[in-house]
Amino acid sequence: MEQAVKLRRATYHIWTFMASKLISAFGAQVYTFAISFYILQLTGSATSFAMNLICSILPRTIAAPFAGYAADRWPKKTIVLTAQGAIVLSVGGLLAVSMTYGLSLPAIYATTAVISLAASFSGVAFSAAITGLVDEARIQKAMSLNQMSISIAAIGAPAVGGLLYGTVSMNLFLILFMAAEAVALLLEATMNFRLFNRKADAGEETGEGHVNEKLLQSMKAGLDYLKTQPIIMSIIWISLFINFLFGAFQVGYSYILIEKMKMASEHFGLTEGAFAVGMLLMSVYLSVRKEVKYPLLVSKWGIVTMGLIMASVALPLMVSLPYMALFIFYATVMFAFGLVMILVNTPIQVMMQKRVDDDYKGRVFAILETMAMALMPLGTVLYGFLYDLLPAEWILMVSAAVLIVVVLTLARPSVVRKAHPELVRKRPGGPKNPAPATK
């Protein structure tokens, strides 16, 4: 009976988690849309706009190791609620400044930095807490519904922001964002973060776990743990290279469509909307199907497919297409990219949730986030420079080829067999009872 009650509670967590993320992500996207337009209209400067992006990316990258340390040392629910509360207060502070003195760039930058810091702590703590919130059989469902909520927000928020911007005041945007984050905070406060914890460590119950472990010692312990997990290390290295090499896609896609193809802004927006639709549909599919059996293998070939999609962006530069065919081609490319990205990310996230020890989850996910984000600014700057010097088609094709080679090397058959030893049993002539894979 107790197990049945826990499963019902886990079901509540799944839907509450999705609702809180949908509300929070929707509010954040509408706010980002409004602030971006406001900065560009106020200053007319791309540099000022880029500064706001830096205030968003840099604090999160720097804070991630500290967030991982905190998530493994103190109660995760406390961290999530404190971080969410900090977002509400920071937006409330910006609203007060706006109503008293009017909006200014320093106030916007400061608020963006605080929101980024808080999001880092909340995101890492939530990632580390998934196995405590949801039963193991439905981790994929929870992760898929989370991705679904982000996709819905990505589709709907720009439309809502576009309708509201220019007709309502910036203060109303801030009030809507603050209200959305406050609702998410109330929903998260009702969740039991220790419902399915695999280890009842003192740190979660009393807040005193690892009290004598200093920050550097804790981070070193996390790195030492990763050294014993070659499969997870391979995933982290793949993530690092993907985020760097996909700078070619992130910079090149907009550059090619807007500068080279002279695509109208509404059509360009629709192609990006196709990406969010692809993400949404694959998230729905994964939420209702059985758990992916061989996540590393699926993700490996998914990344290879992403590399081919990235190379295909250059095709209209080499083969002339009519305007409408061009629009349909790029909408299809982005739709496929959205599908494949979720197919790559979700199974790997589920795999890591199950493989990483609860005592190290915060630090491992923090290291993954730090490494994944660390090279993003460098990749963006480097590829922006390269696109001014070299033909776009060669940059995309070479970057796609390097990406494919990297993933085929880091996720080579021997690594996949370690992650999924049951594949050996399925091979003709393979041993019936192979030795367990080394962790």
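What you see is a predicted model, and the numbers here were worked out from it, not measured in a lab.

Attention now moves to the overall build of the chain. Broken down by element type, the chain carries 19 helices and zero strands. Counting every position in the chain, which comprises 439 residues, the buried fraction comes to 48%. Nonlocal contacts in the chain, meaning residues at least 24 apart in sequence, comprise 87% of its contacts between residues at least 6 apart. Looking at the chain as shown, the accessible area adds up to about 20,100 Å², and 69% of this sits on carbon and sulfur atoms.

With that out of the way, let us pick up helix 3 (residues 76-100). Compared with the 36 Å implied by 1.5 Å per residue over 25 residues, the 36 Å span of helix 3 between its first and last C-alpha is a close match. The positive-phi residue at the C-terminal boundary of helix 3 is G102, with phi of around 95°.

A few words on a nonpolar patch on the surface. A contiguous nonpolar surface patch, about 460 Å² in accessible area, is contributed by M51, I54, L58, I62 and F66. Counting through the fold element by element, I62 comes out in helix 2 (residues 46-73).

Bringing the pattern of salt bridges into the picture now. Under the counting rule described, the total for this entry stands at four salt bridges. With a closest N to O distance of 2.7 Å, D72 and R363 form a salt bridge. Of this pair, D72 sits in helix 2 while R363 is found in helix 15 (residues 361-374), placing the two residues 291 residues apart along the sequence. The salt bridge partner of E291 is K354, with a shortest N-O separation of 2.7 Å. With E291 in the loop between helix 11 (265-288) and helix 12 (295-312) and K354 in helix 14 (residues 323-355), this residue pair connects regions lying 63 residues apart in the sequence. With relative accessibility at 30%, the residue E291 sits in the partly exposed group.

As a further point, take the packing of helix 10 (residues 247-260) against helix 17 (residues 392-410). Pairs of packed helices are described in terms of their axes, by the angle between the two and the distance that separates them. Contact geometry for helix 10 and helix 17: axes closest at 10 Å, N-to-C directions at 155°. The angle between helix 10 and helix 17 falls in the class roughly antiparallel. Judged by the sense of rotation from one axis to the other, the crossing of helix 10 with helix 17 is left-handed. Between helix 10 and helix 17, the residues in contact are A248, F249 and I256 and A392, I395, L396 and S399, respectively. Residue classes in the contact of helix 10 with helix 17 are distributed as six nonpolar, one polar and no charged.

Next up on the list: the environment of W301. Structurally, W301 can be placed in helix 12. Since its relative accessible area comes to 46%, W301 is described here as partly exposed. Residues W301 and I404, spaced 103 residues apart in sequence, show a C-alpha to C-alpha distance of 9.2 Å.

The next point concerns the packing of helix 9 (residues 230-245) against helix 12. Remark: helix 9 packs on helix 12, axes separated minimally by 13 Å, with the N-to-C direction vectors making an angle of 10°. Here helix 9 is positioned roughly parallel relative to helix 12, judged by the angle of their axes. Seen along the crossing, helix 9 lies across helix 12 with a hand that is left-handed. Taken together, the residues of helix 12 that come into contact with helix 9 (itself represented by I231, I235, I238, I242 and L245) are L296, I303 and M310. The residue inventory of the contact of helix 9 with helix 12, partitioned by class, reads eight nonpolar, no polar and no charged.

It is worth spelling out the environment of I258 at this point. Relative to the helices and strands, I258 is located in helix 10. Look at I258 and you get partly exposed, because its relative accessible area is 38%. Expressed as a C-alpha distance, the spacing of I258 and F268, which sit 10 residues apart in the sequence, is 7.8 Å. Aside from chain neighbours lying at most four places away, what touches I258 is M263 and F268.

Should the pLDDT be low somewhere, the predicted coordinates at that spot are not to be read in detail. Confidence in the prediction of the chain, expressed as mean pLDDT, is 81, and 88% of residues score 70 or more. For the chain, helix 7 (residues 202-206) is the element with the lowest average pLDDT, namely 42, and helix 3 is the one with the highest, namely 93. The low-confidence segment residues 200-211 (pLDDT under 50) makes 26 contacts with residues lying over four places distant or belonging to another chain. In this model residues 434-439 is a low-confidence stretch, pLDDT under 50, and it forms nine contacts with partners more than four residues away in sequence or in other chains.

Definitions and limits used
Per chain, the residues get numbers from 1 upward, laid out in the order the sequence is written. Predicted model: local features are reported for residues with pLDDT of at least 70 only, side-chain atom pairs are reported and counted for 80 or more only, and whole-chain, interface and lining totals are derived from all residues. Hydrogens and water are ignored here; the side-chain numbers use all heavy atoms of the structure. Only DSSP runs of H or I reaching four residues or more are called helices, and only runs of E reaching two or more are called strands; each is numbered from the N terminus. Residue burial is assigned from relative accessible area. The probe radius is 1.4 Å, only protein chains are included, and a residue is buried under 20% of its type maximum, exposed over 50%, and partly exposed in between. Contacts were defined at the residue level, with two residues in contact if any of their heavy atoms lie within 4.5 Å. For every accessible area listed, the method is Shrake-Rupley and the probe measures 1.4 Å; residues are considered covered only by the protein chains on display. One less than the number of residues in a helix, times 1.5 Å, gives the span that helix is expected to have. The patches reported here contain residues having more than 30% relative accessible area and no salt bridge. Joining distances are 9 Å for like charges and 5 Å for nonpolar side chains (Val, Leu, Ile, Met, Phe, Trp, Tyr). Should a side-chain nitrogen of Lys or Arg be within 4 Å of a carboxyl oxygen of Asp or Glu, the pair is scored as a salt bridge. Between the N-to-C directions of two axes lies an angle of 0 to 180 degrees, each axis being a line fitted to C-alpha atoms and, for a helix, fitted only over the stretch in contact. Note on angle classes: values under 35 degrees are labelled roughly parallel, values over 145 roughly antiparallel, values of 65 to 115 roughly perpendicular, and the remainder oblique. Handedness of a crossing follows from how the near helix is turned relative to the far one, being left-handed for an anticlockwise turn of less than a right angle and right-handed for a clockwise one. The residue classification treats Ala, Val, Leu, Ile, Met, Phe, Trp, Tyr, Cys and Pro as nonpolar and Asp, Glu, Lys and Arg as charged. All others, Gly included, are polar. Here pLDDT means the predictor's own confidence in every residue, given as a number from 0 to 100.

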